[in-house]
Amino acid sequence: MASDADEPLPPPMRPAAAARLKWHVLLTMHHSPDAPLAPNVQKVLLELKGISSAASRAPLDLVAVIDVSGSMEGDKLESVKKALLFVIHKLTDQDRISIVKFDHEATRLCPLLPVTEASRARLEGLVGDLKTRGSTDIRAGLLTGLDVIANRKITAGRAASIMLMSDGRQIKDGDPRQLEPGNVAVHTYGFGADHDHDVMTAIAERSLDGVYNSVPDSDNPKELAVAFAPILGGLTTIVAQDIELTVTAIQGEATIKKVDAGTYRLRTSSDISSSVTVSFGTLYSAEVRKVMVELALSDRTASQSYHASVADVQYRFAFQGQEVTSRPQRIIINRRRRASADPANAPLPVQTEVARLEHVASIKEAVAKADGGKLEDARNTLRAALEALRRIVDPEGAAQPAAVVDMLRRELLNLLKLFETEETYRNQGRSAALSSISSHGRQRGGPDKDTLIFGTPRMITNLEQAKQRDDMPVPSADQDAQLELEERPGWLQDVLPVALRLLAAVLSLLAFSIIASARTSGWDGEYYGRYEPYRYAVAVNVIVCFYSIAQVFVRIRRSVSPQLRSTSCYCVTLFLDQVLAYLLMSASSAAASSNHLWVSRFGEDPFHAKITAAVWFSFLALLALSANALISTANLFSRI
């Protein structure tokens, strides 16, 4: 194994603001508000969600481990090359990539290289030179990839992942499933009907949060890039690392009966009923991790109704070398004599998660039956799971659970087609089912490109880009983040600024129109001088009116063409907002002072009343313009 002594240094990371880190992960708890005083079991759904961030993420160290054995010759290797080029174009100079190829032996083609414009040419050349030969030693390739990660000189705050691709089986002695990845995510891609599903699944599950992906045979060279796209969309949006969630039961009130966190690692206290910790690894932007906890509540039939504190929930994570520990959040359930313990009364998110867990159990059962030669029994199991989904009723019309159930239904319908015959099951069905089980176990991505059950916005974006024509440019992760920042919908970001601009334009129009209409004998007539102090107010209100109208058109144009937005544009807008707000404040104050002086000399008259109204409109325009200045400040600081 070559040393990484020549490992280039990436540009320094922009450190995350410590005050914002606590918002990178949010905890939500779902459970029945009431429970009976008699002993009963309550299901509590805990959700950890990564902040939807387009700008703050952990830099990535990615090792692509590529099978170049003889069976990869032809379309398979061409697909791998296209997929690798897609990956290279997605990464930025904060990310690093190393390429390892393997056949009957493994070779590291390059150290971890920051993906700069200069290094892209070198990486593309290495990909273009890949050629097939020899037999398959998956263990050697994976071991070399793990060595690249282990020998890094720079590790603080960086997320490490491996993408392992192979279409074959282990030929040499040694089982790749016995290698210990540590805290490195190993995402495996098995393509072709002859790859070893069990080995590729086991390698992914042995890593902390890797996922097994099945890539079917296809004449379309984009298939592998499409398979890469969702996971890559997650790896370039990591907002938290080394996540742990701990549930601690309150003694005397409850004990932990069961914790279901898919295939993530559980660490229990000496008494499993008192405390359980789940280790998740990484969390992507807008990604959710769900943990179902069953709490056995103690007997309180001798008591009156009361608020029972049954458990504490706390989570920890790291980001860019900084560690965050949340405050414990308490699960409180009202114990009442007439409360029902019927699971049907549980909140909809709890019912939906229970249905999903049963759905996964059905797929596992179907695979076991099909492997045992009972294909029709396996199909009946999938049909029963489909019928169970149809019985889920959403009384409140909540969109998210309904969407999840619909995707689960489509997943089962697809598996039923792939379980049609022994041949389709052997060639496609088994690998598709194992991919589904892996996806559900990790709560990440989806079983295929059309059913991203756990998809995030960036995963979906990457998927669409991977399907584009070859001559379409592939944006980098930074460009994706920039576009998300521009296109992110929101009342505060889109609707309110336009409304305030229009309001400022109307108010300033009214202000200078009223001052102009207050003339009785012209600006240079008999009362020359009484209008002179108001010329300044008229001029400033005219400027503010036309400026605000122009800003409305600019805002609409930016919504239509997000690429027109830039940091310098926001700087100019903020500067002009502040200058005009100052001028408007100065002009309104001068007009109010002059009007007060006129009244002290000549008394109140219709002229005075009009000027008073104009000053008020000018002052309200000042408030609208000041609010826009605050929004411009927020827009600017969200981009730097």
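What you are looking at is a predicted structure, and each value in this text was computed from that prediction instead of being measured.

Things to note about helix H10 (residues 422-442)
Here's step 1: Between the first and last C-alpha of H10 there are 28 Å, a value that for 21 residues agrees with the 30 Å anticipated at 1.5 Å per step.
Here's step 2: Residue Gln428 marks the point of greatest curvature in H10, where the axis turns by about 50°.
Here's step 3: H10 sits mainly inside the fold: 15 of its 21 residues count as buried.
Here's step 4: Looking one or two places after H10, you find Gln443, whose phi comes out positive at around 55°.

Observations regarding the pattern of salt bridges
Here's step 1: Scanning all chains against the criterion turns up 29 salt bridges.
Here's step 2: For the salt bridge of Arg336 with Asp34, the shortest nitrogen-to-oxygen distance reads 3.1 Å. Within this pair, whereas Arg336 is found in strand S18 (residues 329-336), its partner Asp34 is found in strand S2 (residues 34-36), the two being separated by 302 residues in sequence.
Here's step 3: Assessed through its relative accessible area of 34%, Arg336 is described here as partly exposed.
Here's step 4: Glu287 is the partner of Arg289 in a salt bridge, and the nearest nitrogen-oxygen pair spans 3.2 Å. Each member of the pair Arg289 and Glu287 is classed as buried.
Here's step 5: Members of the salt-bridge network, linked through shared partners, are Asp61, Arg96, Arg152 and Arg158.

Remarks on the side chain of Arg444
Here's step 1: Mapped onto the elements, Arg444 comes out in the loop between H10 and helix H11 (457-466).
Here's step 2: Polar side-chain contacts of Arg444 include one of 3.2 Å to the side chain of Tyr284.
Here's step 3: One polar contact links Arg444 to Glu287, side chain to side chain, over a distance of 3.0 Å.
Here's step 4: Setting aside chain neighbours within four positions, we find Arg444 in contact with His187, Asp209, Val211, Ile231, Thr282, Leu283, Tyr284, Glu287, Arg289, Ser439, Phe454 and Met459.

Quick look at the UniProt feature "transmembrane region" (unreviewed entry) in the chain
Here's step 1: In this structure's numbering, the residues bearing the UniProt feature "transmembrane region" (unreviewed entry) are residues 498-516, 536-556 and 613-637.
Here's step 2: Here residues 536-556 runs as 100% helix and 0% strand, with 31 Å between its end C-alpha atoms.

Structural notes on the side chain of Ser618
Here's step 1: Its location among the elements puts Ser618 in helix H16 (residues 606-637).
Here's step 2: Apart from the residues within four sequence positions on either side, Ser618 is in contact with Ala511, Asn541, Leu584 and Ser588.

Side note on the nonpolar core
Here's step 1: Leu46, Val291 and Val310 are the most contacted members of the largest nonpolar core, which totals 79 residues.
Here's step 2: Residues Val100, Met200, Ile363 and Phe419 belong to the second largest nonpolar core, which totals 47 residues.

Re the packing of helix H5 (residues 197-206) against H10
Here's step 1: Running from N to C, H5 and H10 cross one another at 10°; their axes reach a closest spacing of 10 Å. Viewed along their axes, H5 and H10 adopt a mutual orientation that is roughly parallel. Residues His197, Asp198, Thr201, Ala204, Glu205 and Arg206 of H5 form the contact with H10, whose own contacting residues are Arg426, Arg430, Ser431, Leu434 and Arg442.
Here's step 2: Looking at the contact of H5 with H10 residue by residue, the class counts come to 2 nonpolar, 3 polar and 6 charged.

Observations concerning the packing of aromatic side chains
Here's step 1: Scanning the entire structure with this criterion turns up 4 aromatic pairs.
Here's step 2: Pairing Tyr315 with Phe317 gives two aromatic rings, centres 6.4 Å apart and planes at 15°, and the pair type is stacked. Side by side, Tyr315 and Phe317 carry an identical accessibility label, which is buried.
Here's step 3: On the numbers, 4.8 Å between centres and 65° between planes, the contact of Phe419 with Tyr425 is edge-to-face.
Here's step 4: A relative accessible area of 4% places Tyr425 in the buried class.
Here's step 5: Directly above the ring of Tyr264 sits Arg442, whose terminal nitrogen or CZ lies 5.3 Å from the centroid.
Here's step 6: Directly above the ring of Tyr284 sits Arg444, whose terminal nitrogen or CZ lies 3.8 Å from the centroid.

What about unusual backbone geometry?
Here's step 1: The phi torsion at Asp242 lies on the positive side, around 50°, for a residue other than glycine.
Here's step 2: Tracing the backbone through its elements, the reader meets Asp242 in strand S11 (residues 238-249).
Here's step 3: In this structure, Gln443 takes a positive phi of about 55° despite not being glycine.
Here's step 4: Within the fold, Gln443 resides in the loop between H10 and H11.
Here's step 5: A relative accessible area of 2% means that Gln443 is categorised as buried.

Quick word on the sheet that holds strand S3 (residues 40-50)
Here's step 1: Sheet architecture is open: 4 strands sit in the order S1-S3-S15-S12, paired in antiparallel fashion. At either margin of the open sheet sits one strand with a lone partner, and together these are strand S1 (25-30) and strand S12 (254-260). The mean inter-strand angle of the sheet, taken between neighbouring strand axes irrespective of direction, is 25°.
Here's step 2: Looking at chain direction, S12 and strand S15 (residues 288-297) are connected through 6 bridges and run antiparallel. Counted as the bridge partner of Asp260 is Met292 from S15.

Some remarks on the pairing of S11
Here's step 1: With 9 of its 12 residues buried, S11 lies for the most part within the structure.
Here's step 2: Pairing of S11 with strand S14 (residues 275-284) involves 8 bridges; the strand directions are antiparallel. Bridge pairing in S14 places Thr246 opposite Thr277.
Here's step 3: Inspection of the sheet shows S11 paired to strand S16 (residues 306-319) by 7 bridges, in the antiparallel sense. Bridging across to S16, Thr246 finds its partner in Gln314.

Regarding a nonpolar patch on the surface
Here's step 1: On the surface, Val572, Phe575, Leu576 and Val579 cluster together to form a nonpolar patch covering roughly 330 Å² of accessible area.
Here's step 2: You can call Phe575 exposed: its relative accessible area is 53%.

Some thoughts on the packing of helix H7 (residues 348-371) against helix H8 (residues 375-390)
Here's step 1: One can describe the packing of H7 onto H8 by two numbers: an axis separation of 7 Å at closest approach and a directional angle of 170°. Comparing the axis directions of H7 and H8 gives the class roughly antiparallel. Facing His359, Ser362, Ile363, Glu365, Ala366, Lys369 and Ala370 of H7, the residues of H8 in contact are Leu375, Asp377, Ala378, Thr381, Leu382, Ala385 and Leu389.
Here's step 2: Tallied by class, residues from the contact of H7 with H8 come to 8 nonpolar, 3 polar and 3 charged.

Thoughts on the pairing of strand S5 (residues 96-102)
Here's step 1: Among the 7 residues of S5, 6 are classified as buried, and the element is accordingly described as predominantly covered.
Here's step 2: Two elements, strand S4 (residues 60-67) and S5, share 7 bridges in a ladder whose sense is parallel. Across the sheet, residue Val63 finds its bridge partner in S5, namely Ser98.
Here's step 3: Crossover connection from S4 via helix H2 (residues 75-90) to parallel S5: handedness right-handed.
Here's step 4: When S5 meets strand S7 (residues 113-114), the two strands line up antiparallel, connected through 2 bridges. Residue pairing across strands places Arg96 opposite Pro114, the latter belonging to S7.

Rules behind the numbers
- Residues numbered from 1 in each chain as written.
- Predicted model: local features only at pLDDT ≥ 70, side-chain atom pairs only at ≥ 80, totals over all residues.
- Heavy atoms only, no water.
- Helix = DSSP H or I, 4+ residues; strand = E, 2+ residues; numbered from the N terminus.
- Expected span 1.5 Å × (residues − 1).
- Bend = angle between axes of the 7 residues up to and from the residue.
- Buried < 20%, exposed > 50% of the residue type's maximum accessible area, 1.4 Å probe, protein only.
- Salt bridge = Lys/Arg side-chain N within 4 Å of Asp/Glu carboxyl O.
- Polar contact = N/O pair within 3.5 Å; in protein donor to acceptor, adjacent residues only side chain to side chain.
- Contact = heavy atoms within 4.5 Å.
- UniProt positions renumbered as here; feature names shortened; annotations may be inferred.
- Core = buried A, V, L, I, M, F, W, Y, C linked by side-chain atoms within 4.5 Å.
- Axes fitted to C-alpha atoms, helices over the stretch in contact; angles between N-to-C directions.
- Parallel < 35°, antiparallel > 145°, perpendicular 65-115°, else oblique.
- Nonpolar A, V, L, I, M, F, W, Y, C, P; charged D, E, K, R; others polar.
- Phe/Tyr/Trp six-rings, centres within 6.5 Å; stacked < 30°, edge-to-face > 60°.
- Lys NZ or Arg CZ within 6 Å of the ring centre and 35° of its normal.
- Pairing = 2+ DSSP bridges.
- Patch = residues over 30% accessible without salt bridge, like charges linked within 9 Å, V, L, I, M, F, W, Y side chains within 5 Å.
- Areas by Shrake-Rupley, 256 points an atom, 1.4 Å probe, with all protein chains shown as cover.
- Right-handed = clockwise from strand over helix to strand, strands pointing away.

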